[in-house]
Amino acid sequence: MNNNRIFLLTLMVTFITIMVVLTVFWQIGYPLMFGGVNMNLLIVPVLIGVFILPLKYGIVLGFLMGMSSFILSFALGIPIFQNPLISVLPRMLFILPAFYIYRFMRSIVEKYPKYGKQISFILISLVTVFSFYYGLEQIFKLMNWNFETFVPFILVMIVFVLTFYFNYLDRIDQKFIYVPTSLILGTLSHSIITILSMIVFGDGTFQTLIVLLTTNVLAEAIIVVAIATPIVIVLKTIYPNIEKGLMV
């Protein structure tokens, strides 16, 4: 076994160990969010692995993430995730869009380095506006609140979030400007595929699930970006050929 393979396996074992710890201490790995639904923070080591390791390693991490949800669903009494088509399959499938989103964003930034920040900001702006506006609209409908009354407040929230993200991009080395945007889009792809599986194979309704997409995904995305961005950048700086499975 050569040094490169040992290096990749060592990283895999590290990510798997983190996932096991987050599963055992599920209060940290699966904190309760809006509506009593558990957020899944195992996505943090999974996305880091997807972004820096070859694709086959990412699929294994996605499978283990799904198995974690599947096993805990019995311990915590969450019937919907006791169906592997909802707990395991989506966590393996989302690896593919997350993997190719990352490489697409990287290729765009490498091709148009002067516009990397603008491209990243526009994409996240579209996601933010959709999530806040349409997601909160569904929340207000469920609560029988007047949505139009809160529109000015929602617009202020959108401006605040986008301003923060624009300034955040300024603090990142421009050649890695695609990393946080890819993490947000990867988190979004995970949520969309999982939610679609809940609709197709479970008893979830679109209105209820779009509420979860707005609230829980936003919280997940913030945590993922805050934790995973510096880790991915450091690893890619130290090991620029890591995605090819090479230490140098």
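Look a little higher up for the structure.
First things first, this report covers the structure right here in the doc. In this text the structure is predicted, and so the values were computed from the model without any measurement.

## Some remarks on the overall build of the protein
A count of helical and extended segments in the protein gives 11 helices and zero strands. Secondary structure elements of the protein occur, N-terminal to C-terminal, as α-α-α-α-α-α-α-α-α-α-α. Burial statistics for the protein: of 248 residues in total, 47% are counted as buried. Looking at the protein alone, contacts between residues at least 24 apart form 74% of all its contacts between residues at least 6 apart.

## Concerning the environment of Ile95
Among the secondary structure elements, Ile95 is positioned in helix α7 (residues 95–111). Sequence spacing of Ile95 and Leu55 is 40 residues, and the spatial spacing of their C-alpha atoms is 8.1 Å. Those residues in contact with Ile95 that sit more than four places away from it in its chain are Val46, Val50, Leu55, Gly58, Ile59 and Gly62.

## Remarks on the packing of aromatic side chains
Across all of its chains, the model carries eight aromatic pairs by this definition. Centre to centre, the rings of Phe70 and Phe74 are 5.2 Å apart; their planes meet at 85 degrees, and the pair counts as edge-to-face. In this pair, Phe70 and Phe74 both sit in helix α4 (residues 55–76), four residues apart, roughly one turn of the helix. According to the relative accessible area criterion, Phe74 is partly exposed, its value standing at 49%. Between Phe99 and Tyr100 the ring centres are 5.0 Å apart and the planes differ by 85 degrees, which places this aromatic pair in the edge-to-face class. Overall, Phe99 belongs to the buried group, its relative accessible area being 9%. One aromatic cluster is present, built from ring pairs that chain together Phe51, Tyr102 and Tyr178. Of note, Arg103 hangs over the ring of Phe99, and the distance from its end group to the ring centre comes to 3.6 Å.

## A word on the environment of Leu123
Relative to the helices and strands, Leu123 resides in helix α8 (residues 116–142). In this structure Leu123 comes out as partly exposed when scored by relative accessible area, which is 29%. Expressed as a C-alpha distance, the spacing of Leu123 and Leu185, which sit 62 residues apart in the sequence, is 8.9 Å.

## Examining α7
Here α7 spans 24 Å end to end across 17 residues, near enough to the 24 Å set by a 1.5 Å rise per residue. Among all positions in α7, only Ile95, Ala98, Phe99, Tyr102, Arg103, Met105, Ile108 and Val109 are buried.

## Some points on the pattern of salt bridges
The final tally for this structure, using the stated rule, is one salt bridge. For Lys117, the salt bridge identified is with Asp170, shortest N-O distance 2.2 Å. Placement of the pair is Lys117 in helix α8 and Asp170 in helix α9 (residues 147–170), with a sequence separation of 53 residues. Given a relative accessible area of 46%, Asp170 falls into the partly exposed group.

## Regarding the nonpolar core
In terms of nonpolar packing, the biggest core is built from 47 residues, with Val46, Leu47, Ile52, Leu53, Phe94 and Leu183 touching the most fellow members. The set of elements that each furnish at least two residues to this core consists of α1 (3–24), α3 (43–52), α4, α7, α9, α10 (178–201) and α11 (206–238). By residue number, the principal contributor to this core is α3, which donates eight residues. Membership of the second largest hydrophobic core comes to eight residues, among which are Phe132, Leu136, Phe140 and Phe147.

## Here we look at α4
Across its 22 residues, α4 extends 31 Å between first and last C-alpha, which sits within 8% of the 32 Å expected from 1.5 Å per residue. Of all the positions in α4, only Tyr57, Gly58, Leu61, Gly62, Met65, Gly66, Ser68, Ser69, Leu72 and Ser73 are classed as buried. Where α4 ends, the next residue or the one after it, Gly77, has phi of about 70 degrees, a positive value.

## Notes on the packing of α9 against α10
Interhelical geometry of α9 versus α10 gives an angle of 135 degrees and a closest axis separation of 9 Å. Of the possible angle classes, the one that applies to α9 and α10 is oblique. Between α9, through Tyr165, Tyr168 and Leu169, and α10, the contact on the second element is made entirely by Pro180, Thr181 and Ile184. Here the contact of α9 with α10 is built from residues that sort into five nonpolar, one polar and no charged.

About the cut-offs
- Residues numbered from 1 in each chain as written.
- Predicted model: local features only at pLDDT ≥ 70, side-chain atom pairs only at ≥ 80, totals over all residues.
- Heavy atoms only, no water.
- Helix = DSSP H or I, 4+ residues; strand = E, 2+ residues; numbered from the N terminus.
- Buried < 20%, exposed > 50% of the residue type's maximum accessible area, 1.4 Å probe, protein only.
- Contact = heavy atoms within 4.5 Å.
- Phe/Tyr/Trp six-rings, centres within 6.5 Å; stacked < 30°, edge-to-face > 60°.
- Lys NZ or Arg CZ within 6 Å of the ring centre and 35° of its normal.
- Expected span 1.5 Å × (residues − 1).
- Salt bridge = Lys/Arg side-chain N within 4 Å of Asp/Glu carboxyl O.
- Core = buried A, V, L, I, M, F, W, Y, C linked by side-chain atoms within 4.5 Å.
- Axes fitted to C-alpha atoms, helices over the stretch in contact; angles between N-to-C directions.
- Parallel < 35°, antiparallel > 145°, perpendicular 65-115°, else oblique.
- Nonpolar A, V, L, I, M, F, W, Y, C, P; charged D, E, K, R; others polar.

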